[in-house]
Structure formats: C-alpha cells, structure tokens
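So you can see what is in the structure, the chains are spelled out below.
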Amino acid sequence: MRIFAVTRTSTLVVLLAAVLPRLVLLLHERGAILASFTEKSDDFAQTFVASGTYGFVPGVPSAYTQPLYGWFLVPLYWLDRNWAVVGLAQIAVAACTALIVLSIGRRYLSERAAVTASLLATLNPYLIWHDIHVNREILDQLLAAGLFLLVLRAARSGTAWLAAAIGAVSGLAILGNSRLAALPLVLAAFLAWHQRKRAVAIVGVMLACTVVVLLPWLVRNRVEVGCWAITTDAHALWKANNINTYATLAAGKWIDNVPPLAGAPKITPEFERDFYKNDHRIVHVDECAQMRLYQHATIAFWRDHPRDKAKLMRQATQMLWSPKQTRTQGGPQAAVGAIGQWVEAVWAIPVFALAFVGLFLTTRMFASLAVIFLLYNTAAAWVFAGTTRYRVPFDFVLALLAGAAIDRLLARRRYKRSTPSAAASAEN
C-alpha cells in the first residue's frame, strides 16, 4: 500500500509540474496563441472546417505540409478556434508525454529516476513556452516518447502486437514530421538485433503496419494532388540546402531568408492562401512540379558542392545542440529574447552533462536506444537544418539519462551518510 501511495503521489507531482506552468503561461500568452507563430497546419485546419478541403483554399486539396498536426487541430477548430481550446488540448498532450516518460523510467530505471527524468523533461523552459503555441512538435515529442517505450518493450518480449504498435506509431510520427521517414528502418534494425530468432516476423509486422498507416495519405495525394508524397514542400528542403544557406544562418537569419532559386516560379502554394484571403481569387499552383524542381535542385547541391554541404552539416549540429536557445530572425525562435536564450542554457548544460554520465549507468539496451534516437535526430538536422525547436522533441531521452545519473548520485550520498565507516573502508 505504501508503494502504491508513493507511486500515486509521484504521478500527481509530475502532472502538476506539466500542467501548472503551462497553464500560467497560457493565460499570459492567450492573445498571441492564434494571432502569431502559427504555421500552415493552422490554415489547413481552418479551411477543412469551413469547406471540407484539406488545403490552403476551398476546393484545392494540398499536401504542402505534414498532415498530422492539422488533423489534431481540426476537431478543436470544429469546437471553436480560440486560445483556450487549443492551449488546453496541447497542455493535455504535454501531460501525456510527461506520463510516458515517467512510465519509461519506472520500467527501466527506478521510481526516483523516473520522477526526476519526467520533471526534467516537462520543465524544460523552452518546451513550457513552445507547448502552448501552435506548433507540430507537440505531437512529435508525444509519439517519440511512445516509440521509445514500445521499442524497449518489444526488444525484450518480441510480441507481434508490440511490433504492430511500433509500426503504427512510426507511421503517425512520419505523418507528423517527414524527417522521421527513415526512423522505422533504424528501429527495425535495433529490434532485429535484440530478437534475432524472430527478426523476420517482427520487422515484417512492424514495417507493414507503418505502410498501412501511411498509405491512405499517399494515395490521397496521388489522386487529389497529383503525386506520391508525404509532403510536397521540397522548397523548405532546398532552402536548407543551397549555396546561400550557410551565410544566411551564420548571420542570425532563418532559411526563409535565402535568395530564391533562379528560374523557379515566384508563386508558391502559400500564395493560394494570400490570393484567396485578399480577393477570394483561387489560383492553382502545381505543387507536385515545384516539389520535383526543388528536389532536383537539392540533390544537385549535394552532388556539386560536397564541401559546402559538409559545412552546413557542421553548422546544423552546432545549432541543434547549442545549450543556449537558438535565436533566428524570422525563424522558429524569432520571439526569443536574450533572457530566454540563457534560461534554456541553465536547463540544458547540466542535463547534457548528466545525460552523458547516465549513458554508463543504464543497461546496454537502454543506452543504445537512447544513442540511436539522439543520433537520428542529429542526422535529420544534417539533411535539413538544426535549431532548438527540432531538438526538443527528443530531449526526453536526455532527461531519462540525466535522471539515471541523479538517482545514482543520490543513492551514493545516502549510502555514505547511513554507513560512513563502511563507505570509507570501501573507498580505501
């Protein structure tokens, strides 16, 4: 009964830590939640609720963004598009993420490490601000934490239903963030290594379920938009991969500030929204043709400028893993002030250091999966770009490792205090 009471109390503490700071900030930011820092998913959700079309304007289906976050917003906007509905829903998602981190820690670390890790993860200063605004990473972190837990369980038990669940969640994660497209393959290799006797069956079930989740969206885009794609926004990929990107980011600007591609159409799919809002004129843009154009330009840059690409990869790594919150003009962190930058650093520096220590205090399976998640996120930044916004969905991994390190340090201190003579003789 005492263990149950302690467990229930720690769960309540984690929930309060996840909800209360975000609720206070939500009340403070209520006027800006839907007025600024929104993204394309907001437009897609509004259009769908008004007309039944998932795109920028009624009657013109689009695939110019990853769909999952827009689908998350649609039922909220059906209720009412206001700051309270969106903010409270996203706080609920943040609370669920904290509980999953707590569950991971309880299963594979200890109760104290679990509570410490979940508190570290949910009290990340950047996340507290980020989670109440309109952004798709709120779902990225929930799905990533869910995958981490499912993969650890499947690596031990190797049951088919866990493999299916991993595949389904992986598919949702890709629909939320196309940069995770290769993650199922990496996780499949991890599972195959730990379940060698059943590797073929487990990997087959997992990848099949991933395809099943992705297929309806892919077919929809082929039929209604004109091409097979998770997202047709290859323009964003090119903006992160061209000869001007490095200098633009080094100057403190964001990739949206790079000069346009010579010869490319000046009207991109976002202009459909602008034309429609200004004079209700529908202008159709061939986003599949633009996708192929920017994909070709990106590959050409990789092929013709390998040294410049290597510089971008180094820059992306530095921006992704900078403990001081990345601040860019016109980018994801444009509103961040100098105080906000250093507040994040106060959280990140000790967590980074403790996470490194924690790598050597957890099981090999746990530590190797943690490294896989962190390396994959870094590799994704090499392909696209690095910034604090793209790191935080996987910061729960750092928090778990840091929690393991703090738990070991506290246990060692308690041992020394309770048995000073034995501790002294052991050290000698």
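Please refer to the structure placed before this passage.
Cut-offs and rules
Residues numbered from 1 in each chain as written. Predicted model: local features only at pLDDT ≥ 70, side-chain atom pairs only at ≥ 80, totals over all residues. Heavy atoms only, no water. Helix = DSSP H or I, 4+ residues; strand = E, 2+ residues; numbered from the N terminus. Rg over C-alpha atoms; globule rule 2.2 N^0.38 Å. Buried < 20%, exposed > 50% of the residue type's maximum accessible area, 1.4 Å probe, protein only. Contact = heavy atoms within 4.5 Å. Areas by Shrake-Rupley, 256 points an atom, 1.4 Å probe, with all protein chains shown as cover. Lys, Arg positive; Asp, Glu negative; His and termini not counted. Charge placed at Lys NZ, Arg CZ, Asp CG, Glu CD. Disulfide = S-S within 2.5 Å. Axes fitted to C-alpha atoms, helices over the stretch in contact; angles between N-to-C directions. Parallel < 35°, antiparallel > 145°, perpendicular 65-115°, else oblique. Nonpolar A, V, L, I, M, F, W, Y, C, P; charged D, E, K, R; others polar.

Chemist: Is there a simple way to explain the overall build of the chain in this structure?
Modeler: Check the secondary structure of the chain and you find 20 helices and zero strands. For 428 residues, the compact-globule estimate of 2.2 N^0.38 gives 22 Å, and the C-alpha radius of gyration of the chain, at 23 Å, lies within 12% of that figure. Taking the principal axes of its C-alpha atoms as reference, the chain extends roughly 80 × 55 × 45 Å. Per-residue burial for the chain yields a buried fraction of 51% across its 428 residues. Within the chain, contacts between residues at least 6 apart in sequence are counted, and of these 74% link residues at least 24 apart. Taken as a whole, the chain presents about 19500 Å² of accessible surface, with 65% of it coming from carbon and sulfur. Charge centroids of the chain, computed over 41 positive and 24 negative side chains, lie 12 Å from each other.

Chemist: What am I meant to see in the environment of Arg-198 here?
Modeler: For Arg-198, the position within the fold is in the loop between helix H9 (183–194) and helix H10 (199–225). Taking C-alpha positions, Arg-198 is 46 Å from Phe-56, a pair spaced 142 residues apart along the chain. Not counting the four nearest positions on each side in its chain, Arg-198 is found in contact with Ser-157, Gly-158 and Thr-159.

Chemist: Honestly, the state of the cysteines in this entry has me stumped. Any pointers?
Modeler: By definition, a disulfide is the covalent link that joins the sulfur atoms of two cysteine residues. Scanning all chains against the criterion turns up one disulfide. Between the sulfur atoms of Cys-227 and its disulfide partner Cys-288 the distance amounts to 2.1 Å. Between Cys-227 and Cys-288 the disulfide shows an S-S torsion of about -80°. By sign, it is left-handed. Of the two residues, Cys-227 sits in the loop between H10 and helix H11 (234–239) while Cys-288 sits in helix H14 (residues 287–304), which places them 61 residues apart along the sequence. For the residue pair Cys-227 and Cys-288, the accessibility class agrees, reading buried in each case.

Chemist: In this structure, what is going on with the packing of H14 against helix H15 (residues 306–321)? I would like to understand it.
Modeler: Helix packing for two helices is described by the angle between their axes and how far apart those axes are. For the pair H14 and H15, interaxial distance at closest approach is 5 Å and the crossing angle is 100°. Between H14 and H15, the angle is such that the two are roughly perpendicular. Where H14 approaches H15, its residues Phe-301, Trp-302, Arg-303 and Asp-304 are matched on the opposing element by Pro-306, Asp-308, Lys-309 and Leu-312. Residue composition of the contact of H14 with H15, grouped by class: four nonpolar, no polar and four charged.

All quantities given are derived from atomic positions and should not be read as evidence of function.
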